Amino acid sequence: MEYRHLGKSGLVISEIAYGNWVTHGSQVQEQAAAECVRAALDEGITTFDTADGYAGGRAEEVLGRALHGVRRESIEVFTKVYWPTGDGRNDRGLSRKHIIESAHASLRRLQTDYIDLYQAHRYDYETPIEETMRAFDDLVRAGKVLYVGVSEWRAEQVAAALKVADELGLDRIVSNQPQYNMLWRVIEAEVVPLCEKEGIGQIAFSPIAQGVLTGKYAPGATPPADSRATDPSGSNFIKRLLGDETLNAVQHLNPLAAQAGLSLAQLAVAWVLQNPNVSAAIIGATRPQQVRENVKAAGVRLDPGLMSRIDQALGQVIVRDPARTASPPSRP
C-alpha cells in the first residue's frame, strides 16, 4: 500500500480507501462485510469511508463493529452528513441542528470518540453556508471532528465555503469526494484546478464506475445475478452506464490492461490515482478477494502513452462537461 497526504493537510491516508456505500447493512451480510474490512486492514488500507445516510445508518453500525478492537490511532474513519436520517423536518440538510445531532449519532454508531474527516454529503441550498461552516468548526474545536470536507460540491460552492472560512477564521475544507473515473471526468474542468490551488484533495468514489470498468457487463447481455445492476439498492445509480456504446468501449480496454499486467479493475483504480490531486480512490467490495485484487493498483504508475490509448479506446463515452452533472438536489 502507498500513502498520501489528504490535500495539503498533515493527515496521511492510504491511497486506496475502503468504502461501504450500498454494501454494508444492505447488499452483503454482516459477516461478509467484516471479512472485507479485515482483508482491507491486512492489505494496508487504513482509511474507511461511510455516511450516516447509507442503509439508514446501518452501514456506520456495521463498520463500527467491524473495526472494534483495532487500534484507533492506526486508522482514519470518514463519514458524512446531509441526507435524511429520520422523518422530522430537521433530520436532513446542513443546518447547525442536523450537523451537530448527526455527528453525535455517527459517533455512537461508529463506536468512536472522534471522526477523522466529517464531510458535507451534498450542498444545502436552504441553509446559509456560514451556519454550516460554523457548525463544522465547532465540532473541530470540540475535538469530535479532526478535519472537514465536502462531497460532490461544485467549484463555486467550494470557493464560497473557503471564503467564509477565511473571513470568519473557521476551519477550512481539506477534501472533496466526487465521482471520478475513466468514464466520468467532470471534476477536471473546474473543481480540480480550484482544489489544487487551495490545497484540497480529491477522495474519488466509484473508480471502477460501479463495476462497469471491470468488464463484467457485456454489451447486449443480461447483467450477472449478483451484480450491482440487479441489486435494488444500487441498480438506479448504474443504469446510465449500461448502454451498449459504453459497454463496447470498455471492452476495448482489455488489451491495454493486459499489456500493463493488470486486470480491468486494477487499471481503472490505477488510472484514478494518476491524477496528482487525488488523495485516495475508494473501493467497495462484497468479497474479500475483491479487496485483495483491487489494492494491487496501489503504487502503479501508468505511462503517458497508455493513458493516451485509454482515452482513444473510450472516445465519445467519456463525460467531461460540468454542465452534464446532476441538477441541484432537492430536499426530501
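The rules behind these values
- Residues numbered from 1 in each chain as written.
- Predicted model: local features only at pLDDT ≥ 70, side-chain atom pairs only at ≥ 80, totals over all residues.
- Heavy atoms only, no water.
- Core = buried A, V, L, I, M, F, W, Y, C linked by side-chain atoms within 4.5 Å.
- Buried < 20%, exposed > 50% of the residue type's maximum accessible area, 1.4 Å probe, protein only.
- Helix = DSSP H or I, 4+ residues; strand = E, 2+ residues; numbered from the N terminus.
- Contact = heavy atoms within 4.5 Å.
- Axes fitted to C-alpha atoms, helices over the stretch in contact; angles between N-to-C directions.
- Parallel < 35°, antiparallel > 145°, perpendicular 65-115°, else oblique.
- Phe/Tyr/Trp six-rings, centres within 6.5 Å; stacked < 30°, edge-to-face > 60°.
- Arc of directions from axis to C-beta.
- Salt bridge = Lys/Arg side-chain N within 4 Å of Asp/Glu carboxyl O.
- Pairing = 2+ DSSP bridges.
- Right-handed = clockwise from strand over helix to strand, strands pointing away.
- Polar contact = N/O pair within 3.5 Å; in protein donor to acceptor, adjacent residues only side chain to side chain.
- Left-handed = near helix turned anticlockwise from the far one by under 90°.
- Nonpolar A, V, L, I, M, F, W, Y, C, P; charged D, E, K, R; others polar.

**Details of the nonpolar core**
Within the largest apolar cluster, 92 residues are counted, with the highest numbers of intra-cluster contacts made by Phe48, Trp153 and Val291. When residues of this core are assigned to their parent elements, the largest contribution, nine residues, is made by helix 10 (residues 264-273). Once residues lying within four places of it in the same chain are set aside, the contact partners of Phe48 are Tyr18, Val37, Ala40, Leu41, Leu63, Leu67, Ile75, Glu76, Val77 and Phe78.

**What about unusual backbone geometry?**
Look at Ser206: it is not a glycine, yet its phi comes out positive at around 60 degrees. The residue Ser206 is located in the loop between strand 9 (201-204) and helix 7 (235-238) in this model.

**Observations regarding the packing of helix 2 (residues 58-66) against helix 3 (residues 96-110)**
Direction vectors running N to C along helix 2 and helix 3 enclose 40 degrees, while the axes themselves pass 7 Å from each other. Taken together, helix 2 and helix 3 sit at an angle that is classed as oblique. Contacts between helix 2 and helix 3 pair Glu60, Glu61, Leu63 and Gly64 from the former with Ser106, Arg109 and Leu110 from the latter.

**Considerations on the packing of aromatic side chains**
Counted according to the given criterion, the structure contains six aromatic pairs. A centroid spacing of 4.9 Å and a plane angle of 80 degrees characterise the contact between Tyr123 and Trp153, whose relative ring orientation is edge-to-face. Here Tyr123 is found in the loop between strand 6 (115-120) and helix 4 (129-141), whereas its partner Trp153 is found in the loop between strand 7 (145-151) and helix 5 (155-168), with 30 residues between them in sequence. Classification of Tyr123 by relative accessible area gives buried; the value is 17%. When its relative accessible area of 3% is taken as the criterion, Trp153 is described as buried. Their ring planes at 45 degrees and their centres at 5.3 Å tell us that Tyr180 and Trp271 sit as a pair that is tilted. Taken together, the residues span a long stretch of sequence, with Tyr180 in the loop between strand 8 (173-177) and helix 6 (191-198) and Trp271 in helix 10 at a distance of 91 residues.

**Focus: helix 8 (residues 244-251)**
Among all positions of helix 8, only Thr246, Leu247, Ala249 and Val250 are buried. Along the axis of helix 8, the buried positions cluster into a sector of 160 degrees, meaning they face one direction only. Of the surrounding elements, those touching the buried residues of helix 8 are helix 9 (254-260) and helix 12 (304-314).

**Thoughts on the pattern of salt bridges**
One pass over the structure, following the stated rule, counts 15 salt bridges. Linking Arg4 and Glu15 is a salt bridge whose minimum nitrogen-to-oxygen distance equals 2.8 Å. Placement of Arg4 in strand 1 (residues 3-5) and of Glu15 in the loop between strand 2 (12-14) and strand 3 (16-19) is noted, with a sequence separation of eleven residues between them. Among the residues examined, Arg4 registers a relative accessible area of 16% and is labelled buried.

**Re the pairing of strand 7**
Of all seven residues in strand 7, five are buried, a share of seventy percent or more. With five bridges connecting them, strand 6 and strand 7 associate as parallel partners. Residue Ile115 lies in a different strand from strand 7, and its bridge partner there is Val145. Viewed along the sheet, the connection from strand 6 through helix 4 into strand 7 turns out right-handed. Chirality of the crossover, the property in question, places the unit of strand 7, helix 5 and strand 8 among those that are right-handed.

**Considering the sheet that holds strand 5 (residues 76-81)**
One key point about sheets: their strands pair by backbone hydrogen bonds, in either a parallel or an antiparallel sense. Taken in spatial order, the eight strands close into a barrel running 3-4-5-6-7-8-9-10, and their pairing is parallel. Across the sheet, the mean angle from the axis of one strand to that of its neighbour is 30 degrees, orientation sign disregarded. Where strand 3 meets strand 10 (residues 278-283), three bridges bridge the pair, whose relative direction is parallel. Residue pairing in the sheet places Ile16 in a bridge with Ala281 of strand 10.

**Description of the side chain of Thr127**
Residue position: Thr127 is located in the loop between strand 6 and helix 4. A distance of 2.8 Å separates a polar atom in the side chain of Thr127 from a polar atom in the side chain of Asp124.

**A look at the environment of Ala32**
Secondary-structure assignment places Ala32 in helix 1 (residues 30-42). Among the residues examined, Ala32 registers a relative accessible area of 21% and is labelled partly exposed.

**Some thoughts on the packing of helix 1 against helix 2**
Packing of helix 1 against helix 2 leaves a shortest axis separation of 9 Å and a crossing angle of 55 degrees. The angle between helix 1 and helix 2 falls in the class oblique. Classified by chirality, the crossing of helix 2 by helix 1 is right-handed. For the pair helix 1 and helix 2, the contacting residues are Glu30, Ala33, Ala34 and Val37 in the first and Val62, Leu63, Arg65 and Ala66 in the second. Here the residues of the contact of helix 1 with helix 2 sort into six nonpolar, no polar and two charged.

No statement about biological role is implied by the geometric values presented.
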